[in-house]
Amino acid sequence: MTATNGMNALHPAGNKNHGTGPAAGPGALKRLASFPWWHEVILAILLICLLTYAGSVAPMFLRPGVQIGLSDRLWNVALLALPMMMIILTGGIDLSVGSTMSLSAVVFALTFTHGAPLWLACVAAVATGLACGFLNGIFVAWVRVHPLIVTLATLAAFRGVAEGISLGRGISGFPPGFQAIAHHNILGLRPEGWLFIAAAAYTAIVLAKAPFGRYLYAIGHNEMAARYSGIPTAKMKLFLYSLSGMAAGAAALFAVARVDTARANLGYGMELKVITAVVFGGVSIFGGRGNIVGVIMGLLLIYETREFISWQWNNDNLISIIIGGLLITSVLLQVALRAGKTAQ
Amino acid sequence: MNNFFVPSNIRPSCRAGLMLLASAALAGTLAIAGCSKSNNATSSAASGKKMYTICLLPKEKDIPYFTSCAAGARAAAKQLGDVKLIYDGPVHGAATKAAAMIHKWTLQGVNVIAVSPNDPDVLAPAMKRALKKGVHVITWDADGLPGTRQYFVNQASARRIGYTLMDTLAKDIGPHPKGPIAIITATLTAANQNAWIHFIKIRLKKYPGLKLVSIQPSHDDQRRAFQITQHLLQAYPNLKGIIAVSSAAFPGAAEAIKQAGQSGKVQITGLSTPDDMRAYVLNGTVKSVILWNTHALGALTIRVAEALASGKLKPGQKTFNAGPLGIKKIVGHQVLLGPLMVFNKKNIGKYHF
């Protein structure tokens, strides 16, 4: 693969029809259909429509102070979506992120209440997340059990352990300095937000430019072929699942700081929120296809929709209905686009 | 850079159809959004009168107990005329979601947030922040942590609930009650329930013939309560009575007694809504159902909130005039709703909640 295919590193599938595309037939429609960023463009259009509508009926909603205030609930999902995207790109899945958060939170709280300094408790939480992810990685990469089964098992197991060691009790009363990481802005944004932006930028560069990124897509496309080509598939998977666990450990710290409580029910259902955003962002659940721009658009669209409905209509039941409708729309559009491509 | 997707053999006509379907789905979604009535906090009343936006947050939305509280709250808001009521809460009772709602309402700058905290620890930072931003915060149905609310609208003191439950069971068993009794609770760590059980145990000393043999958790699950009651009936064949201190456990336990053919032999009482218990009261399994007036609880919460926002309720006041609900006592930071209601065969037909 040469440097001219920079964009195709994001879309390896784009190579499939090389040479036949534009020559196959004239017509603006066909050229339009072969545009590779349709999914992202559609998500962007939907997002703009939503924000325009929101701005016209509730101008207050778009104020920067309000948006930053509401963003509390975005960053947690966003942080976990990055490793989840890479795992899904390889054709895998990590269902245990929510339970890992819960275990990390409980370990953090117990370490702290047993007299450890705050920094040590934080390290313990992230290390717990890393260990959980590493365990998933071992089973997926070395024992070669399907990731769905492995992480379904650890989804139950990690939360079970968290409930066991905390005895189901909530632990509160952390120092104000710790709570501040979830309530105070640095340069106009939550620290969590900056962490996500930095991580997302780095991930984007790695996916587009580094061999690691290309290997990810290769594994997702055909793992056997990737392995025979000398790609260290097992090591990469071990790394990805560990990364996912570590991100969950870090996210747990922010979540605990926000509510000043660590309880075993923290992060319940988180895995579905994260996977929904990733898949909505155009990442194929079978692996090999998708990119970070789409995932960020997906995250923003779901989050803005949720927050706006809650802001405007104060109806918790409505949110799931509309998010569901949005997902169905996106799936149908994807299928329609794919059908359009083949019309050439 | 041509083909994003792997080609397959789908005809172009299919594509148009799918596009149409997708637009239809989108239109449907938007229609749902459009149809739902806007009750945004920022909209103001047409009459020009000063309106107070009051947000009522239940522990869990869409369960009968809170729905009936909300009905009372709506009626009170209508009577007062200067209240814009927003009733919303987490559908599955997630405390972090409740915290996010409090946070959102704080950003919107509403006047009062009335919280029934499903997890006081988790909600405390959000409630404190609201107070700091100048929003009035009160609790109702269950109290929050100290420093997170200005008032607590309390349906009944734990002592009154505990004593009433014990006295009612003893009365239902008959004169000179004697034998083993059991309690079915929500969870062994539930704060409200444990306070009530504490006072049940104190009152039990008045009835030397009765002996408390077991306290079982039902995890607020009707089916679990049903199974636990079956086990209790087998383990204690001469069991005389059961007190169910969770509104979900009560109907489950009553059903188990009925199916075991023990109606009338094993007495059961507890806390639940008349709607959930009507069948068991009418068929004789249950003699008395105890609950506070949920309509009045919702209404009193709204009246306290409105008085707080308009400055009618001042710190240090010992009583509160709740209009048609009468004069209510204020003890410390608690506004007390008053006596409990006992539903039995004679009066249960009149109450629907």
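Residues numbered from 1 in each chain as written. Chains lettered and ligands numbered in written order. Predicted model: local features only at pLDDT ≥ 70, side-chain atom pairs only at ≥ 80, totals over all residues. Heavy atoms only, no water.

## A few points about the overall build of chain A
Keep this limit in mind: Each helix is a run of H or I in the DSSP string that is no shorter than four residues. Each strand is a run of E no shorter than two, and both are numbered from the N terminus. Under the scheme applied here, a residue whose accessible area is under 20% of the maximum for its type counts as buried, over 50% as exposed, and between as partly exposed, the area being computed with a 1.4 Å probe on protein chains only. Every residue pair with non-hydrogen atoms within 4.5 Å of one another is taken to be in contact. Every accessible area reported is derived by Shrake-Rupley at a probe size of 1.4 Å, with residue values counting cover from the shown protein chains alone.
A count of helices and strands for chain A gives 15 helices and two strands. Burial status across chain A gives 56% buried among its 344 residues. In chain A, of all internal contacts separated by at least 6 residues, the share reaching a separation of at least 24 is 78%. If you sum the accessible surface of chain A, you get close to 13900 Å²; carbon and sulfur atoms cover 72% of it.

## Some remarks on the pattern of salt bridges
Rules: The term salt bridge refers to a side-chain nitrogen of Lys or Arg lying within 4 Å of a carboxyl oxygen of Asp or Glu.
This model, assessed by the stated rule, comprises 14 salt bridges over all chains. When the shortest N-O distance is used, the salt bridge between Asp-119 of chain B and Arg-263 of chain A registers 2.7 Å. With Asp-119 of chain B in the loop between strand 3 (112-115) and helix 4 (120-132) and Arg-263 of chain A in the loop between strand 2 (261-262) and helix 13 (270-280), this residue pair bridges two chains. Residue classification places Asp-119 of chain B among the buried residues on the basis of a relative accessible area of 6%. Here Glu-255 of chain B makes a salt bridge to Lys-258 of chain B, at a shortest N to O gap of 3.8 Å. Linking Glu-255 of chain B with Lys-258 of chain B, this pair stays in helix 8 (residues 249-259), spanning three residues, or about one helical turn. Taking the relative accessible area as the measure of exposure, Glu-255 of chain B reaches 19% and is therefore buried. Here the salt bridges share partners, and the residues they tie into one network are Glu-223, Arg-227 and Lys-237 of chain A.

## Let's talk about a nonpolar patch on the surface
Cut-off, in case you're wondering: The patches described consist of residues with a relative accessible area above 30% and no salt bridge, like charges being joined within 9 Å and nonpolar side chains (Val, Leu, Ile, Met, Phe, Trp, Tyr) within 5 Å.
Residues Leu-135, Phe-139, Trp-142 and Val-143 of chain A make up a contiguous nonpolar surface patch of roughly 400 Å² in combined accessible area. By the element assignment, Leu-135 of chain A lies in helix 6 (residues 118-142).

## Looking at the nonpolar core
What counts is decided by this rule: We call a set of buried residues a nonpolar core when its members are Ala, Val, Leu, Ile, Met, Phe, Trp, Tyr or Cys and they connect through side-chain atoms within 4.5 Å of each other.
Ranked by internal contacts, the top residues of the largest apolar core, which has 87 residues, are Leu-80, Met-85, Met-101 and Leu-299 of chain A. The element best represented in this core is helix 4 (residues 72-89) of chain A, accounting for 14 residues. When residues no more than four places from it in sequence are discounted, the contact partners of Leu-299 of chain A are Leu-74, Val-77, Ala-78, Ala-81, Phe-196 and Ala-277 of chain A. Core analysis: the second largest hydrophobic core is formed by 79 residues, Ala-114, Ile-200, Ala-254 and Leu-340 of chain B among them.

## Details of the domain arrangement of chain B
Residues and elements named next belong to chain B. The criterion, for reference: The start and end points of each domain follow an automatic or database-based domain assignment. Reported buried area values correspond to the accessible surface (1.4 Å probe) lost by two parts on association, with both partners' losses combined. By the criterion applied in these results, polar contacts are pairs of N or O atoms within 3.5 Å in which, for protein atoms, one can donate a hydrogen and the other can accept it, and in which residues neighboring in sequence qualify only through two side-chain atoms. Amino acids are sorted into nonpolar (Ala, Val, Leu, Ile, Met, Phe, Trp, Tyr, Cys and Pro), charged (Asp, Glu, Lys and Arg) and polar (every other residue, Gly among them).
For chain B, the domain assignment lists domain 1 (52-155 + 294-338) and domain 2 (158-291). Taken together, both faces of the contact between domain 1 and domain 2 bury some 370 Å²; the carbon and sulfur share is 59%. On the domain 1 side of the contact with domain 2, Pro-64, Tyr-65 and Gly-338 bury the most area, a combined 52% of that side's loss. Counting across the domain 1 and domain 2 interface gives zero salt bridges. The interface formed by domain 1 and domain 2 holds zero residue pairs in polar contact (both at pLDDT 80 or more) in total. Split by residue class, the side of domain 1 that touches domain 2 holds two nonpolar, two polar and two charged.

## Some thoughts on the packing of helix 4 of chain A against helix 12 (residues 233-259) of chain A
Residue and element names in this part refer to chain A. Put simply, the test is: Lines are fitted to the C-alpha atoms to define the axes, a helix being fitted only along its stretch in contact, and any angle between axes, read from their N-to-C directions, falls within 0 to 180 degrees. Put simply, angles under 35 degrees are roughly parallel, angles over 145 are roughly antiparallel, angles from 65 to 115 are roughly perpendicular, and the rest are oblique.
For the pair helix 4 and helix 12, the least separation of the axes is 9 Å and the interaxial angle reads 175°. The orientation of helix 4 with respect to helix 12, classified from their angle, is roughly antiparallel. Counting all contacts with helix 4, which are made through Asp-72, Asn-76, Leu-79, Leu-80, Pro-83, Met-86 and Ile-87, the residues of helix 12 involved are Leu-240, Tyr-241, Leu-243, Ser-244, Ala-247, Ala-248, Ala-251, Ala-255 and Arg-258.

## Some words on empty space enclosed by the protein
Cut-off, in case you're wondering: Only protein atoms enter the calculation, which uses a 1 Å grid: trapped sets of points that fit a 1.4 Å probe without letting it out are cavities, open sets showing protein on both sides within 12 Å along at least five of seven lines are pockets, and any residue with an atom within 4 Å of a point is a lining residue. Grid points are joined across faces, edges and corners, and a volume is the space filled by probe spheres set on the points.
With the rule as written, the count across this model stands at three cavities of 30 Å³ or more. Computed from the structure, the largest cavity encloses a volume of approximately 70 Å³. If you go around the largest cavity, the residues you meet are Arg-73, Glu-307, Ser-310, Asp-316 and Ile-319 of chain A together with Lys-97, Ala-100, Met-101 and Lys-104 of chain B. Mapped by element, the contributors of at least two residues to the lining of the largest cavity are helix 14 (292-313) and helix 15 (316-342) of chain A together with helix 3 (95-108) of chain B. A total of four residues in the lining of the largest cavity trace back to one element, the largest contributor, which is helix 3 of chain B.

## Observations concerning the sheet that holds strand 7 (residues 210-217) of chain B
Residue and element names in this part refer to chain B. We apply this condition: For two strands to be treated as a pair, DSSP must find no fewer than two bridges joining them.
Read across the open sheet, the six strands follow the order 7-6-8-9-10-14; overall the sheet is mixed. Pairing within the sheet leaves two strands with one partner each, and these edge strands are strand 7 and strand 14 (341-343). Going from strand to strand, the sheet's axes swing by 20° on average, the running direction of each strand aside. Strand direction decides the pairing type here: strand 9 (residues 267-271) and strand 10 (residues 289-291), joined by two bridges, are parallel. Note that in strand 10 the partner of Leu-271 across the bridge is Ile-290. Relative to the sheet, helix 5 (residues 158-173) contacts strand 6 (179-185), strand 7, strand 8 (241-244), strand 9 and strand 10, its axis offset from that of strand 9 by approximately 160°.

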